[in-house]
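Topology and contacts: notes
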Amino acid sequence: LSINSHDLKLDAPQLMPGPVAFDMISGQANWQVEAGELEIKLRNVAITNADISGNAYGSYRTQASSAGRVDLTVHLTRVAISSVGKYIPLVGLGAETRTWINKSLLDGQSGDFNLRLKGDIDDFPFVANKNGIFKINARAKGVALEIGNGWPRIDNANIDLLIQGKELVVTA
């Protein structure tokens, strides 16, 4: 299957916190069923909307014994920091963390965002890279952040971010 679409809306309430609209999305996908498991492969996926722009490729395989296996690589060349929460799958964060992200990340742009996710979803977030990989590297400029009550607001920060497993390293 090849897709080259404009003004596409993705509404997947079991996967995403809300509908996501894309100004443009293109790429190729194929799927096959083998031994009762569905495997979906994505190639050369390019996406653009008001919040993000970049590309992705990877695969997902259902498994009877788990939520499935994923092998995904994403590189974004533009990310509006205040919109990040819209693009994090529901299985990726607890409700409290999701609320903090949506309230605290106020402004800024990343021109270099990279995600690598590989392994059985039941083992996520792959602590110490055991049984898989979960890694995000990003550089952002002009970041505005409200950490919480009693903390000063941070404005116009330049940040390097590394998330690996359950570890978070922020350099400003």
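As the structure is a prediction and not an experimental result, all values here were calculated from the model.

Thresholds, definitions, all that
- Per chain, residues are indexed from 1 in the order of the written sequence.
- Only residues with pLDDT of at least 70 are given local features in this predicted model, and only at 80 or more are side-chain atom pairs given and counted; all residues enter the totals for whole chains, interfaces and linings.
- Values shown for side chains rest on all heavy atoms present in the structure; no hydrogens or waters enter the calculation.
- The numbering of helices and of strands both runs from the N terminus, where a helix is a DSSP run of H or I of at least 4 residues and a strand a run of E of at least 2.
- Any residue under 20% of the maximum accessible area for its type is buried, any over 50% is exposed, and the rest in between are partly exposed; the area is computed with a 1.4 Å probe on protein chains only.
- Residues count as neighbours in contact if any of their non-hydrogen atoms are within 4.5 Å of one another.
- If DSSP finds at least two bridges between two strands, the strands pair.
- Orientation is described by axes fitted as lines to C-alpha atoms, over the contacting stretch for helices, and by angles from 0 to 180 degrees between their N-to-C directions.
- Working definition: a ring pair exists when centres of Phe, Tyr or Trp rings (six-membered ring for Trp) sit within 6.5 Å. Plane angles under 30 degrees give stacked, over 60 give edge-to-face, the rest tilted.

**So, the environment of phenylalanine 126**
With respect to the helices, strands and loops of the structure, phenylalanine 126 is situated in the loop between strand 6 (105-120) and strand 7 (132-145). Taking relative accessible area as the criterion, phenylalanine 126 reaches 1% and is therefore assigned buried. Taking C-alpha positions, phenylalanine 126 is 8.3 Å from glutamine 164, a pair spaced 38 residues apart along the chain. The residues contacting phenylalanine 126, other than those within four sequence positions of it, are Leu117, Lys118, Gly119, Asp120, Asn131, Gly132, Ile133, Phe134 and Gly165.

**Points about the sheet that holds strand 8 (residues 154-164)**
With antiparallel pairing, the 9 strands of this open sheet are ordered in space as 1-2-3-4-5-6-7-8-9. Only two strands of the sheet have a single neighbouring strand rather than two, namely strand 1 (2-10) and strand 9 (167-171). This sheet shows a mean twist of 20° between the axes of neighbouring strands, independent of strand direction. Summarising the sheet, strand 5 (residues 66-80) and strand 6 pair through 10 bridges and their orientation is antiparallel.

**Structural notes on the packing of aromatic side chains**
Applying the stated criterion across every chain, the model contains 2 aromatic pairs. Pairing phenylalanine 124 with phenylalanine 126 gives two aromatic rings, centres 6.0 Å apart and planes at 90°, and the pair type is edge-to-face. Cluster of aromatic residues (ring-pair linked, three or more members): Phe124, Phe126 and Phe134.

Note that all results are geometric; they support no functional claim without further evidence.
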